[in-house]
Amino acid sequence: MRPRLLETKLRRPALGDSVIARPRVSIGLEEGVAAHRVELVVAAAGSGKTTAAAQLAGAHDGACAWLTLDADDARPGRLLTYLAAAVEPFAPQTAAEAFALLDDGLSPEECAPFLAEGLRAGTVLVVDDVHHLATADASLWVLRRFLRHVLPGASVVLA
């Protein structure tokens, strides 16, 4: 069963009217998503990583899921639960299976590959504020296991 979650973490941030178009960044992100299963968006704080990822998500032709992390997501079970909730609109059966596996006592590390394999071709998942996991070894392990099993055609953007 799906637990109650903060829906604001699962919504792409709204972009204001004052956002400046950065065609080179947008094209680079679009090409990266088309060519790779995992794309990293790395830059200094305040440089516009979230904005660039949100622009990509808004322009993407296929399904695009969003997850914004915070310090509480350093717990592996919580991280996997939010990953499942993020992909739920585009892979409801896969998300339901992940929730059930967690309920049955399977570890988040063991659930992560099943969830990742459920992402359909053409789906992009943006995981924003990944820096919150920098010192959370157990959650980073869950994320690594998830990323390792994303199938070709799907893409995860880490900002």
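Everything below is about the structure printed above this text.
This structure is a prediction, so every number in the text was calculated from the model and none was measured. (Residues numbered from 1 in each chain as written. Predicted model: local features only at pLDDT ≥ 70, side-chain atom pairs only at ≥ 80, totals over all residues. Heavy atoms only, no water.)

*Asks:* Help me understand the side chain of E39 in this model?
*Replies:* You can see E39 is positioned in strand 1 (residues 38-40). Although E39 is buried, it forms no salt bridge, and the closest oppositely charged side chain is R22 at an N-O distance of 12 Å. (Helix = DSSP H or I, 4+ residues; strand = E, 2+ residues; numbered from the N terminus. Buried < 20%, exposed > 50% of the residue type's maximum accessible area, 1.4 Å probe, protein only. Lys, Arg positive; Asp, Glu negative; His and termini not counted. Salt bridge = Lys/Arg side-chain N within 4 Å of Asp/Glu carboxyl O.)

*Asks:* Is there a simple way to explain helix 2 (residues 49-59) in this structure?
*Replies:* Given 3.6 residues per turn, any residue in an α-helix points the same way as the ones three and four places further on. The complete set of buried residues in helix 2 reads K49, A52, A53, A54, Q55, L56 and A57. The inward-facing, buried residues of helix 2 contact helix 1 (23-35), strand 2 (64-68), strand 3 (124-128) and strand 4 (155-158). (Contact = heavy atoms within 4.5 Å.)

*Asks:* Could you clarify how one ought to interpret the packing of helix 1 against helix 2 in this entry?
*Replies:* Angle between the axes and distance between the axes are the two parameters that describe a pair of packed helices. Taken N-terminus to C-terminus, the directions of helix 1 and helix 2 make an angle of 60 degrees; their axes are 10 Å apart at the nearest point. When you trace helix 1 past helix 2, the crossing you get is right-handed. Every residue of helix 2 that contacts helix 1 at V25, S26, L29, E30 and V33 is listed here: A52, A53, Q55, L56 and A59. A breakdown of the residues in the contact of helix 1 with helix 2 according to their chemical character gives seven nonpolar, two polar and one charged. (Axes fitted to C-alpha atoms, helices over the stretch in contact; angles between N-to-C directions. Left-handed = near helix turned anticlockwise from the far one by under 90°. Nonpolar A, V, L, I, M, F, W, Y, C, P; charged D, E, K, R; others polar.)

*Asks:* Teacher, can you tell me more about the pattern of salt bridges here?
*Replies:* Two side chains that carry opposite charge are able to pair once their charged atoms sit near each other. The tally for this structure, following the rule as stated, stands at four salt bridges. Residue D73 pairs with K9 through a salt bridge whose shortest N-O separation is 2.5 Å. Here D73 is found in the loop between strand 2 and helix 3 (76-87), whereas its partner K9 is found in the segment before helix 1, with 64 residues between them in sequence. Residue D73 shares its accessibility class with K9, and that shared class is buried.

*Asks:* Teacher, can you tell me more about the nonpolar core here?
*Replies:* Looking at soluble globular proteins, one finds that nonpolar side chains tend to be buried together. Among the nonpolar cores identified, the biggest contains 34 residues, and L83, L115, L125, V127, F146 and V156 are the most heavily contacted of them. Residue contributions to this core peak at eight residues, all from helix 3. Among residues more than four places away in sequence, those in contact with L125 are A65, W66, L83, A86, V87, F146, S155, V156 and V157. Within the second largest apolar cluster, 13 residues are counted, among which are L29, A52, A54 and L56. (Core = buried A, V, L, I, M, F, W, Y, C linked by side-chain atoms within 4.5 Å.)

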